[in-house]
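# Examining the three-dimensional arrangement
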Amino acid sequence: MNTQANPIETEVEEQGQLEAGFLFASFKNTGMGNVIVNGVILSAGEAKSYPFVGKAYQAISYDSQLSTLRILYIL
């Protein structure tokens, strides 16, 4: 078992999901249009995070809807 966190950063312009098992995630809409994260609309410039809560998260879906979504997550 790896004892060190593995932070991953990416920018996406499509739909997808973070697979179950991540410990922390943040999403920021860096584009001009709306994006959807876990069913919630984020306007341009808005961010949403899922902080460490002591156990892993279930999968979370996102859709950048032709905007740009910056994602940071920790496994």
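All of the points below concern the structure found in this document. (Residues numbered from 1 in each chain as written. Predicted model: local features only at pLDDT ≥ 70, side-chain atom pairs only at ≥ 80, totals over all residues. Heavy atoms only, no water.)

## Notes on the overall build of the protein chain
Within the protein chain one finds zero helices and eight strands. Of the regular secondary structure in the protein chain, the N- to C-terminal order runs β-β-β-β-β-β-β-β. In terms of C-alpha radius of gyration, the protein chain reaches 12 Å, essentially the compact-globule figure of 11 Å for 75 residues. When burial is assessed residue by residue, the protein chain has 27% of its 75 residues classed as buried. Looking at the protein chain as shown, the accessible area adds up to about 4,900 Å², and 51% of this sits on carbon and sulfur atoms. Across the protein chain, 4 positive and 7 negative side-chain charges occur, with their mean positions spaced 11 Å apart. (Helix = DSSP H or I, 4+ residues; strand = E, 2+ residues; numbered from the N terminus. Rg over C-alpha atoms; globule rule 2.2 N^0.38 Å. Buried < 20%, exposed > 50% of the residue type's maximum accessible area, 1.4 Å probe, protein only. Areas by Shrake-Rupley, 256 points an atom, 1.4 Å probe, with all protein chains shown as cover. Lys, Arg positive; Asp, Glu negative; His and termini not counted. Charge placed at Lys NZ, Arg CZ, Asp CG, Glu CD.)

## Here we look at the nonpolar core
Formed by 15 residues in total, the largest nonpolar core has its most connected members in Phe22, Phe27, Val37, Leu69 and Ile71. Ignoring sequence-local partners within four residues, the contact set of isoleucine 71 consists of Ile8, Glu9, Thr10, Val12, Leu18, Ser26, Phe27 and Tyr62. (Core = buried A, V, L, I, M, F, W, Y, C linked by side-chain atoms within 4.5 Å. Contact = heavy atoms within 4.5 Å.)

## Regarding the environment of threonine 3
Summarising the element assignment, threonine 3 is placed in the segment before strand E1 (7-12). Taking the relative accessible area as the measure of exposure, threonine 3 reaches 76% and is therefore exposed. The spacing of threonine 3 and leucine 66 is 63 residues in sequence and 37 Å in space, taken between C-alpha atoms.

## Focus on the packing of aromatic side chains
Throughout the structure, instances matching the rule amount to four aromatic pairs. Judged by centre distance (5.0 Å) and plane angle (10°), the rings of phenylalanine 22 and tyrosine 57 are stacked. One end of the pair, phenylalanine 22, is in the loop between strand E2 (15-18) and strand E3 (24-29); the other, tyrosine 57, is in the loop between strand E6 (47-50) and strand E7 (60-63), and 35 residues separate them in sequence. Of the residues examined, phenylalanine 22 reaches a relative accessible area of 0% and is grouped as buried. Centre to centre, the rings of tyrosine 50 and tyrosine 57 are 5.7 Å apart; their planes meet at 80°, and the pair counts as edge-to-face. Considered together, tyrosine 50 and tyrosine 57 belong to a single accessibility category, that of buried residues. Here the aromatic residues Phe22, Phe27, Tyr50, Tyr57 and Tyr62 are joined through ring pairs into a cluster of three or more. (Phe/Tyr/Trp six-rings, centres within 6.5 Å; stacked < 30°, edge-to-face > 60°.)

## Details of the sheet that holds E7
The four strands are arranged E2-E7-E4-E5 in an open sheet whose pairing can be described as antiparallel. A strand with exactly one partner marks an edge of an open sheet, and here the two such strands are E2 and strand E5 (40-42). Ignoring which end each strand starts from, the neighbouring axes of this sheet average 25° apart. Two elements, strand E4 (residues 35-37) and E7, share two bridges in a ladder whose sense is antiparallel. Bridging from a neighbouring strand, isoleucine 36 pairs with aspartate 63 of E7. (Pairing = 2+ DSSP bridges. Axes fitted to C-alpha atoms, helices over the stretch in contact; angles between N-to-C directions.)

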